[in-house]
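Structure assessment
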Amino acid sequence: MVAQPSESIQEAYFGHEHLTVIEPARGWRALNFKELWAYRELFLVLVQRDIKVRYKQTVLGVVWAVLQPLLTMLIFTVIFGGLAKIPSDGYPYAIFVFAALLPWTFFANAVSASSISLVSSANMVSKVYFPRVIIPLASIGGGLVDLLVSTLVLFALMVWYGVGWSANLLAAPVLLLAVIFIALGVGTLLSALTVAYRDFRFVVPFLVQIWMYATPVVYPASLVPDKWQWVVFLNPMAGVIEAFRSAFLGRPFDLSSIGISLLTGVVLFVLAVAYFERVERRFADII
Amino acid sequence: MSDFSAIRVSGLGKQYVLGGAERIDESFREMLSGALMSPFRRLRRLQGGAAADQRFWALQDVNFEIMPGEVVGIVGRNGAGKSTLLKILSRITDPSDGRIEIRGRVSSLLEVGTGFHPELTGRENIFLNGAILGMKRREILDKFDEIVAFAEVEKFLDTPVKRYSSGMYVRLAFAVAAHLEPEILVVDEVLAVGDAAFQKKCLGKMQDVGNEGRTVLFVSHNMGAVKNLCNRAIMLSQGTVLMDGHVEEVIEYYMGGDSPNVREYVAESESSDPFVRRLNISQQQTVSGGFRIDKPICLSFSIETHDQQDLEVGLRITNMQGICVHHSCSAFMENAYEKDFSELGCTIPPYALAPGKYAVDYGLGKRNYQLYDRKENALVFEVEFAGTLSDKTSATYWKGICGPGMLRWE
């Protein structure tokens, strides 16, 4: 039997804050920000991993980050701009759609990546403890490089068409934060749902597709009658995408639409995190 | 008991819901309606609304306390609840009941190399894995050279680990884990990897961890390792603590030290392959209790050969510490492959085994071809010290793992 250590040894051994109590979880819990902060390095390492791995063993490498949105833009320009003659608020359709595709592609990739992130990290989840929410969070980071690269493409387009270049551009980083925020909400929710119900693996691709058409990406929000505009902006991505366009094309912001979208974005985020935290501790058992 | 314990587990329970048995549909109509309803049924099941008989306690009312600096082994058969206990202690899964208090920084190692990414280099994976195990970047940098040296992968640091041999992979994975410096370390059966030399190195490293005054909780099926590392062991059985005490006692109990002698094994069923019909162990004049150390002990097999040729019988004798004391096979018999195998025997010479309890495992197969029949713990027997007068010397106990008769004195 080991002798009881004295108080001072107790201090030396444990410091003070390292008392962990493990008990059955009951009810709703709040996000533990302190713990999340303590695990920030894991978050960074995981983001780093995703970025490093993204274009390993590809011939074109990061060129894909340029090609993907560029090709999508070309297709959309031909079909929606050329054939369907969708109006583009007086801007060249190519740049009109690219300014929206930029945040949308990032968002769509982020949502797809994070919704399967937990399931594809099943091994980590069932072998190591860390705040689970880090996994969907980190999976969003991998797309940031692509986003930066395609922003350069957009800048090139802006030079080519001679549009944009206003102080509005300064709002872009803030808007990016808003996109990340919304993607976090949707991603954490879907990742948690996918753990319990694998059906969501099949649902998410459709969801993303439908969501794109519900969002003014290939068409301007002005196409919707004024009376129903607010309904469009209940979709949190709608306001942000339109705002992105304003930022890059140099037209005035529509603050009320941004307001509605951000509000629903916040509500969504809070609900998503609450749900995630509630089911988090069951993950290892059912994953 | 006290406020100083490193880990205190009280009334711990963990309940799982078993994957429920599917209903069997009796008619086409039922099948059809069943198919329509099944998403709802499955939804209910996924949400955990299962009947009481589908619930199962992996752990129930587990209590123990571990003091700082203790190195404790957790033993038990498969399904005894060891892994569940470790998972709860590691906070991977939640308990259903009870409470655990842990004082100190905990690291748990349920697996080595968690999160290793095959596309990343050894160097990158060290940082990745370290972070996953909860090490700070600073710590990893400080120990980087040590980790690399321990893993013996200096030359391949910048090679993606998917090009590593499995040995290198495991060494690197363990090296990172071995350099964790928590106050409390929870380790699952991670030593069952790598080659023997590396395993030894890992055991050494683990021992250092114990000697540094850290609290270690160690789960393993390798009784030798448990005995080497731990001074105390807790045996789990069917989700409860069956025994908690000194490591030697617990291991002896675990290995069946209290189980009765089994002098005869009889096959329970016929087989179309060759099988051992009967195996028994005996000693002339010894009717009950243990065998005398100073007399030969005879093992005899009755085998249904089905006229197969080239048969071979393997034999393993294991002591209650789980150490294989002797391993042999019928190939050591003269003219082994011309003999009729239906009756076969062998003799343990006098003084070949030290006093103690032993279990016999056998295997029956065709040489270089196939294993037909095997049984662990087919027999259990005890060798007793036969007393000073009959026992040649005045020694009262032979301490070696092998018996005193192994050497030929001239």
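My aim in this report is to walk through the structure given alongside it, one point at a time.

Conventions adopted
Residues numbered from 1 in each chain as written. Chains lettered and ligands numbered in written order. Predicted model: local features only at pLDDT ≥ 70, side-chain atom pairs only at ≥ 80, totals over all residues. Heavy atoms only, no water. Helix = DSSP H or I, 4+ residues; strand = E, 2+ residues; numbered from the N terminus. Buried < 20%, exposed > 50% of the residue type's maximum accessible area, 1.4 Å probe, protein only. Contact = heavy atoms within 4.5 Å. Lys, Arg positive; Asp, Glu negative; His and termini not counted. Charge placed at Lys NZ, Arg CZ, Asp CG, Glu CD. Pairing = 2+ DSSP bridges. Buried area = accessible area lost by both parts, 1.4 Å probe. Salt bridge = Lys/Arg side-chain N within 4 Å of Asp/Glu carboxyl O. Core = buried A, V, L, I, M, F, W, Y, C linked by side-chain atoms within 4.5 Å. Expected span 1.5 Å × (residues − 1). Polar contact = N/O pair within 3.5 Å; in protein donor to acceptor, adjacent residues only side chain to side chain. Axes fitted to C-alpha atoms, helices over the stretch in contact; angles between N-to-C directions. Arc of directions from axis to C-beta. Phe/Tyr/Trp six-rings, centres within 6.5 Å; stacked < 30°, edge-to-face > 60°. Lys NZ or Arg CZ within 6 Å of the ring centre and 35° of its normal.

Things to note about the overall build of chain A
Counting its regular elements, chain A contains 14 helices and 1 strand. Across its three principal directions, the C-alpha atoms of chain A cover 85 × 45 × 40 Å. Buried residues in chain A amount to 51% of all 287 residues. Considering only residue pairs separated by 6 or more positions, chain A has 78% of its internal contacts joining residues 24 or more positions apart. Averaging the positions of the 19 positive and the 16 negative side-chain charges in chain A gives two centres separated by 7 Å.

Describing the sheet that holds strand β14 (residues 311-319) of chain B
All names here are of chain B. Read from one edge of the open sheet, 5 strands run β12-β18-β17-β14-β15, paired in mixed fashion. For this open sheet the edge positions go to β12 (291-292) and β15 (324-329), each flanked by a neighbour on one side alone. Where β14 and β15 come together, 5 bridges link them in antiparallel fashion. When the bridges of β15 are listed, Ile 317 appears paired with His 326.

Some remarks on the interface of chain A and chain B
Between chain A and chain B, the contact holds 40 residues from the first and 52 residues from the second. For the pair chain A and chain B, the two sides together bury roughly 4400 Å², of which 58% comes from carbon and sulfur. In this structure, the connection of chain A to chain B is made through 4 salt bridges. Among the salt bridges present, the one from Arg 99 of chain B reaches Glu 23 of chain A, with a minimum N-O distance of 2.9 Å.

Structural notes on the nonpolar core
Nonpolar side chains tend toward joint burial in soluble globular proteins. Formed by 86 residues in total, the largest nonpolar core has its most connected members in Trp 104, Phe 107, Val 218 and Phe 248 of chain A. Counting 46 residues, the second largest nonpolar core, distinct from the first, contains Met 135, Leu 172, Phe 174 and Cys 202 of chain B.

What to know about helix α12 (residues 236-249) of chain A
Residue and element names in this part refer to chain A. Taking 1.5 Å of rise per residue, the 14 residues of α12 would be expected to cover 20 Å, and the 20 Å separating its terminal C-alpha atoms lies within 8% of that figure. With 14 of 14 residues buried, α12 lies mostly within the body of the structure. Where α12 starts, the residue carrying a side-chain oxygen 2.9 Å from the main-chain nitrogen of Met 237 turns out to be Asn 235. Where α12 ends, the next residue or the one after it, Gly 250, has phi of about 75°, a positive value.

Quick word on the sheet that holds strand β5 (residues 106-109) of chain B
All names here are of chain B. Judged by pairing direction, the sheet is mixed, and its 6 strands sit side by side in the order β5-β6-β7-β3-β8-β9 without closing on themselves. The open sheet has two free edges, formed respectively by β5 and β9 (240-246), since each of these has just one partner strand. When the angles between neighbouring strand axes are averaged without regard to direction, this sheet yields 15°. Both β5 and strand β6 (residues 184-187) contribute to a ladder of 4 bridges, which runs parallel. Residue pairing in the sheet places Ser 108 in a bridge with Val 186 of β6.

Topic: helix α10 (residues 200-214) of chain A
Residue and element names in this part refer to chain A. Over its 15 residues, α10 runs 20 Å from end to end, which matches the ideal 21 Å to within 8%, given 1.5 Å per residue. Of all the residues in α10, the buried ones are Val 204, Val 208, Trp 211 and Met 212. Each buried residue of α10 lies within a common arc of 100° when the element is viewed along its axis, so the set occupies one face. Every exposed residue of α10 that faces more than 90 degrees away from the buried side is listed here: Phe 202, Phe 206 and Ile 210. If you follow the buried residues of α10, they end up packed against α4 (63-83), α5 (93-120), α9 (172-196) and α12.

Considering the environment of Gly 122 of chain B
As for its placement among the helices and strands, Gly 122 of chain B is situated in helix α3 (residues 122-132). The spatial distance from the C-alpha of Gly 122 of chain B to the C-alpha of Leu 157 of chain B is 4.7 Å, given a sequence separation of 35 residues.

With respect to the pattern of salt bridges
The tally for this structure, following the rule as stated, stands at 25 salt bridges over all chains. Between Asp 146 of chain A and Arg 54 of chain A there is a salt bridge whose closest N-O contact spans 3.1 Å. Highlighted residues: Asp 146 of chain A in helix α8 (residues 144-161) and Arg 54 of chain A in helix α3 (residues 40-54), separated in sequence by 92 residues. Overall, the relative accessible area of 7% leaves Asp 146 of chain A in the buried class. We note a salt bridge from Arg 99 of chain B to Glu 101 of chain B, for which the minimum N-O separation is 3.0 Å. Each of Glu 23 of chain A together with Arg 99, Glu 101 and Arg 103 of chain B takes part in one network of salt bridges that share partners.

Considering the packing of aromatic side chains
What characterises a pair of aromatic rings is the spacing of the ring centres plus the angle enclosed by the ring planes. All names here are of chain B. Going through the model one piece at a time under the given rule, you end up with 19 aromatic pairs over all chains. Centroid distance Phe 156 to Tyr 164: 6.5 Å. Interplanar angle 65°. Geometry classified as edge-to-face. Over the ring of Tyr 254 we find Arg 77, and its NZ or CZ is 4.7 Å from the ring centre. Geometry around Phe 127 places Arg 137 over its ring, the cationic atom sitting 4.9 Å from the centre.

Some details on the pairing of strand β4 (residues 97-103) of chain B
Of the pairings in the sheet, the one linking strand β1 (residues 19-22) of chain A to β4 of chain B comprises 4 bridges and is antiparallel in character. By the bridge assignment for β4 of chain B, Leu 19 of chain A is matched with Arg 103 of chain B. Note: strand β1 (residues 7-17) of chain B against β4 of chain B, 5 bridges, orientation antiparallel. Each bridged residue has a counterpart across the sheet, and for Ile 7 of chain B the counterpart in β4 of chain B is Ile 102 of chain B.

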